[in-house]
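Descriptive structure summary
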Amino acid sequence: MPLKKLIKILNKKKLLNLNYLFFFIIITNSFIFTFYSGFRGVYPIDSFIIFDSGFKVLNNVHPFKDYWSLTGPLLDYMQSVFFLFFDTNWFSYVLHAAFVNSLLSIIVFYFFLQIGIKKKYSFIYAISTSILAYPTIGTPFVDHHAVYFSFISVIYFMLAIKTNRKLFWILSSLFLVLSFFSKQVPSAYIGLFLLLIVIFKLFLKKKNNNYLFFFYSGLTSLAAILLISLINGIPLKNFIIQYLYYPLTIGENRVESLTHDFKNTFLQYKFVYLAILPAILVFVLEIFKKKKINNIENFLFFVIFFISVIIFIYNQKLTKNQILIFFLIPWCLGISHYFMIKIENKKFIINLLLISLVAVTYKYHIRYNENKKFMELENIDKSGAINARILDKRLSGLKWITKRYFDDPEYELKKLGEIKNIINNDENNKIIVSDYQILSSLTNNKNYAPNKWFDPLSIPDKKNKYFKEYQEFFLLKLEEQNIKNVYIVGKDKLEIFLIIFKNQKCFRMYDLNEISAKLDIRNCFKSF
């Protein structure tokens, strides 16, 4: 019996629901690609940050209150939940990323079904999304969560504009709040833009006021987060300084240094621009043909789509990080597909869009998932990667290779193993300052470093007006924990760490091995 006939019979007898089958395949694909990528190679400063912060929250150590954080707290709390239910290991860490990847992909599938794209095409666009989204890094990261949640907010907002259903207004606002508490941008830009759209609808004075649920949902979500903060004793002042005021000083510098040359503005995102081009052409031609806007909802649908893409590109440029927005390509092609339905000879053009999608998906899968460009491992032979189980069984299955020690990952793990044993044998109160932030968890060190991560941006420069706030906060947390020893793993962190001490002669330093040192800071407390 032919497969199509069998599916038709099963559908009639309600024995098979293709939607559920497609959802299952999309979720499975999302997990497979994220796990494949997440267990191949690491970039310590990015790969381990949420592992450490999740471990902190699990041990009742909270952002803003106990450690300085200029990135959102949502990932810290989400990861602590995954650790709580699936244990503190690399599997549950990658599982977090795979979960978000699945959520994103099935929402894309649902979106296209809702706007009238056939199931088979919606499925293809969702599968492409699942390959181009979280697998590019494979582990939880603030930029990815923030962009994906803002993107989901836009998707639900567009559905709300099209259908005016309360649920879509509620979900749009909810995901916007989740995005903001992952990272301040792009949610701040997206939120401002969507707010303008809502205000515009307010002036239309239509009888149905379902759009007000956008506000109700946002306020309820913020109230819930405020309640969680109060329960955990997070001071509002700390949150404002660390998450709002200090990051603004970073943003100002980035905006001032932003370049708008042809390569960085257009060439890097050429496939995104090409993907939205058919939608633009059809939309503009339709307006010129009719010489008026007949349907305000369809007009807003397009405007939200177009402006959101521009915002995501601008935000990507502002982050000055590896590109993570290529997952927009299948969505943009799907929107173009939606506008193409109305024209003649659409079958040829739609097939052309799908062929382009397959080619672009393959291209970026190879570049990011296989060659690990986001982890800066693109031009490195990864065949020498070794199982990180030799460092700790909780890292079983992770094929360890980093950019710095790509030619000898075994040496790197050996040195980390040495420092791990030294820390385990030290009965004094101690913290670890390193890009290898997994060491706190691997040594089960309950003392915590009072910073989420140690890089030149997370620590205010001495000239920054918030440096004194940071210095006082950091030293106070060391004193409260009665810290005696500081382990510096990665000696390049010495310069970043030592600026907190007013007396640069109060500590004694001991070399432990080629990559690590120990600071005895017990005499520094007198100089606080």
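In case you missed it, the structure is sitting above this.
Since we're looking at a predicted model, the values are computed, not measured. (Residues numbered from 1 in each chain as written. Predicted model: local features only at pLDDT ≥ 70, side-chain atom pairs only at ≥ 80, totals over all residues. Heavy atoms only, no water.)

Observations concerning the packing of aromatic side chains
Taken as a whole and judged by the stated rule, the model has 66 aromatic pairs. Taking NZ or CZ as reference, Lys363 lies 5.6 Å from the ring centre of Tyr364, over its face. (Phe/Tyr/Trp six-rings, centres within 6.5 Å; stacked < 30°, edge-to-face > 60°. Lys NZ or Arg CZ within 6 Å of the ring centre and 35° of its normal.)

Brief notes about the pairing of strand S4 (residues 485-489)
Within S4, five of the five residues are buried, leaving the element largely enclosed by the surrounding structure. The two faces of S4 match: Asn485, Tyr487 and Val489 on one face and Val486 and Ile488 on the other face are all buried. For strand S3 (residues 430-434) and S4, the ladder comprises five bridges, and the chain directions are parallel. Looking at the pairing, Ser434 lines up with Val489 of S4. Note: S4 against strand S6 (residues 516-520), five bridges, orientation antiparallel. Along S6, the bridge assignment pairs Val489 with Ser516. (Buried < 20%, exposed > 50% of the residue type's maximum accessible area, 1.4 Å probe, protein only. Helix = DSSP H or I, 4+ residues; strand = E, 2+ residues; numbered from the N terminus. Pairing = 2+ DSSP bridges.)

Considering the state of the cysteines
The tally for this structure, following the rule as stated, stands at one disulfide. Between the sulfur atoms of Cys506 and its disulfide mate Cys524 the distance is 1.9 Å. Measuring the twist about the S-S bond at about 85°, one finds the Cys506-Cys524 disulfide to be right-handed. A residue pair is termed long-range when its members are at least 10 positions apart, and Cys506 in the loop between helix H21 (494-498) and strand S5 (508-513) and Cys524 in the segment after S6 qualify at 18 residues. (Disulfide = S-S within 2.5 Å.)

Side note on the environment of Leu416
With respect to the helices and strands, the residue Leu416 is situated in helix H18 (residues 409-425). A relative accessible area of 1% means that Leu416 is categorised as buried. Note: C-alpha distance between Leu416 and Asn371 (45 residues apart in sequence) is 25 Å. Excluding anything up to four places from it in sequence, Leu416 contacts Leu391, Trp400, Tyr436, Leu439, Val489 and Ile515. (Contact = heavy atoms within 4.5 Å.)

Quick look at the nonpolar core
Of all hydrophobic cores here, the largest spans 166 residues; its most connected members are Trp331 and Ile335. By residue number, the principal contributor to this core is helix H8 (residues 142-163), which donates 14 residues. Those residues in contact with Trp331, other than ones at most four positions away along the chain, are Phe111, Phe112, Phe151, Val154, Ile155, Met158, Phe305 and Val309. (Core = buried A, V, L, I, M, F, W, Y, C linked by side-chain atoms within 4.5 Å.)

Some points on unusual backbone geometry
The peptide bond linking Val185 to Pro186 adopts the cis configuration, its omega dihedral lying at 15°. By secondary structure assignment, the location of Pro186 is in the loop between helix H9 (166-180) and helix H10 (187-204). In this structure, Asn444 takes a positive phi of about 50° despite not being glycine. Residue Asn444 is classed as partly exposed on the basis of its relative accessible area of 45%.

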